[in-house]
Amino acid sequence: MEDGTFESLGYCGDTGIDDDVLQWDQRADCEVRQILDRVADKWSLLVIALLDKRSLRFTELRRAIDGVSQRMLTRTLRHLERDGLVSRTVHPTVPPRVDYELTPMGVTLHSTIRALVVWTEEHQNAIAAARAAYDRRAAAEQEAAEREEAERQAVARAAWRTDTSN
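Fair warning: this is a prediction, and the values are worked out from it, not measured in the lab. (Residues numbered from 1 in each chain as written. Predicted model: local features only at pLDDT ≥ 70, side-chain atom pairs only at ≥ 80, totals over all residues. Heavy atoms only, no water.)

A short note on the sheet that holds strand β3 (residues 97-102)
And then number 1: The sheet built from 3 strands is open, its strands ordered β1-β3-β2 with antiparallel pairing. Single-partner strands in this sheet number two, and they are β1 (56-57) and β2 (86-91).
And then number 2: Examined bridge by bridge, β2 and β3 share 6 bridges and lie antiparallel to one another. Bridging across to β3, His91 finds its partner in Arg97. (Pairing = 2+ DSSP bridges. Helix = DSSP H or I, 4+ residues; strand = E, 2+ residues; numbered from the N terminus.)

Here we look at the pattern of salt bridges
And then number 1: For the coordinates displayed, the defined rule picks out 5 salt bridges.
And then number 2: One salt bridge connects Asp99 with Arg97, and the closest N-O pair in it is separated by 3.2 Å.
And then number 3: Of the residues examined, Asp99 reaches a relative accessible area of 10% and is grouped as buried.
And then number 4: You can call Arg97 partly exposed: its relative accessible area is 35%.
And then number 5: Of the charged contacts, one joins Glu149 and Arg152 as a salt bridge, the two residues approaching to 3.1 Å between their closest N and O atoms. Placement of the pair is Glu149 and Arg152 together in helix α6 (residues 104-165), with a separation of 3 residues, close to one helical turn. (Salt bridge = Lys/Arg side-chain N within 4 Å of Asp/Glu carboxyl O. Buried < 20%, exposed > 50% of the residue type's maximum accessible area, 1.4 Å probe, protein only.)

Description of the packing of helix α3 (residues 42-51) against helix α5 (residues 70-82)
And then number 1: α5 packs onto α3 with a crossing angle of 70 degrees between their chain directions and a minimal axis gap of 10 Å. Considering their axes alone, α3 and α5 lie roughly perpendicular with respect to each other. Together, Trp43, Ser44, Val47 and Ile48 of α3 and Met72, Leu73, Thr76, Leu77 and Leu80 of α5 make up the contact between the two elements.
And then number 2: A per-class count over the contact of α3 with α5 returns 7 nonpolar, 2 polar and no charged. (Axes fitted to C-alpha atoms, helices over the stretch in contact; angles between N-to-C directions. Parallel < 35°, antiparallel > 145°, perpendicular 65-115°, else oblique. Contact = heavy atoms within 4.5 Å. Nonpolar A, V, L, I, M, F, W, Y, C, P; charged D, E, K, R; others polar.)

Considerations on the packing of α3 against α6
When two helices pack together, their arrangement is captured by the angle between the axes and the distance separating the axes.
And then number 1: At a closest axis distance of 10 Å, the pairing of α3 and α6 adopts a crossing angle of 110 degrees. Relative to α6, the element α3 is oriented roughly perpendicular. On α6, the residues that touch Leu45, Ile48 and Ala49 of α3 are Gly106, Leu109, His110 and Ile113.

Quick word on the side chain of His110
And then number 1: Residue placement: His110 occurs in helix α6.
And then number 2: By relative accessible area, His110 is classed as buried at 7%.
And then number 3: Setting aside chain neighbours within four positions, we find His110 in contact with Ile48, Ala49, Asp52 and Leu102.

A word on the nonpolar core
And then number 1: Grouped together as the largest cluster of nonpolar side chains are 20 residues, with contacts concentrated most on Val47, Leu51, Leu61, Leu73, Leu77, Val86 and Tyr100.
And then number 2: At the level of elements, α3, α4 (58-64), α5, β3 and α6 are the ones that each hand at least two residues to this core.
And then number 3: By residue number, the principal contributor to this core is α3, which donates 4 residues.
And then number 4: Excluding anything up to four places from it in sequence, Leu61 contacts Leu50, Leu51, Leu56, Leu73, Leu77 and Tyr100. (Core = buried A, V, L, I, M, F, W, Y, C linked by side-chain atoms within 4.5 Å.)

Details of unusual backbone geometry
And then number 1: A cis amide bond links Val94 to the next residue, Pro95, at an omega of -10 degrees.
And then number 2: On the secondary structure map, Pro95 appears in the loop between β2 and β3.

Comments concerning the side chain of Ser44
And then number 1: With respect to the helices, strands and loops of the structure, Ser44 is situated in helix α3.
And then number 2: Residue classification places Ser44 among the buried positions, given a relative accessible area of 1%.
And then number 3: A polar atom in the side chain of Ser44 sits 2.9 Å from the backbone oxygen of Arg38.
And then number 4: Dropping the residues within four chain positions of it, Ser44 is found in contact with Arg38, Val39, Thr76 and Leu80. (Polar contact = N/O pair within 3.5 Å; in protein donor to acceptor, adjacent residues only side chain to side chain.)

Put into structure tokens, the structure is as follows:
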């Protein structure tokens, strides 16, 4: 067995390479990537942000999250509940009332998300400028490629005409 290799395939800890994020995808039994995919998707982020203030009913969440379908919100809430980030309380009323709230672990995730939102707000103008500069470069490169292709086609047509006239 190689140095830094553990006998347990599911071990996701240190394998001798510091801070190598590529490790997250290399181990079949490692759930880090799955968890990151779940908590970092746009619907989960919005649900967690909204539940930070208070518990909400399903319909309140759906109204507050623009563009989410009922099916997607249901799936998102079930996944977050399964991961222990959201708790679901069913009240025995007619019609049934269901409330969702962050668990203590969900609250700790919200503070991490809040840091990401603050970073985004602080850098949104720089990101917008970088996007605009990139779009200008990409458009210029596309125009140059189209001009080159048109020139190649013109040369090919001229050569074809020369060959067919001889």
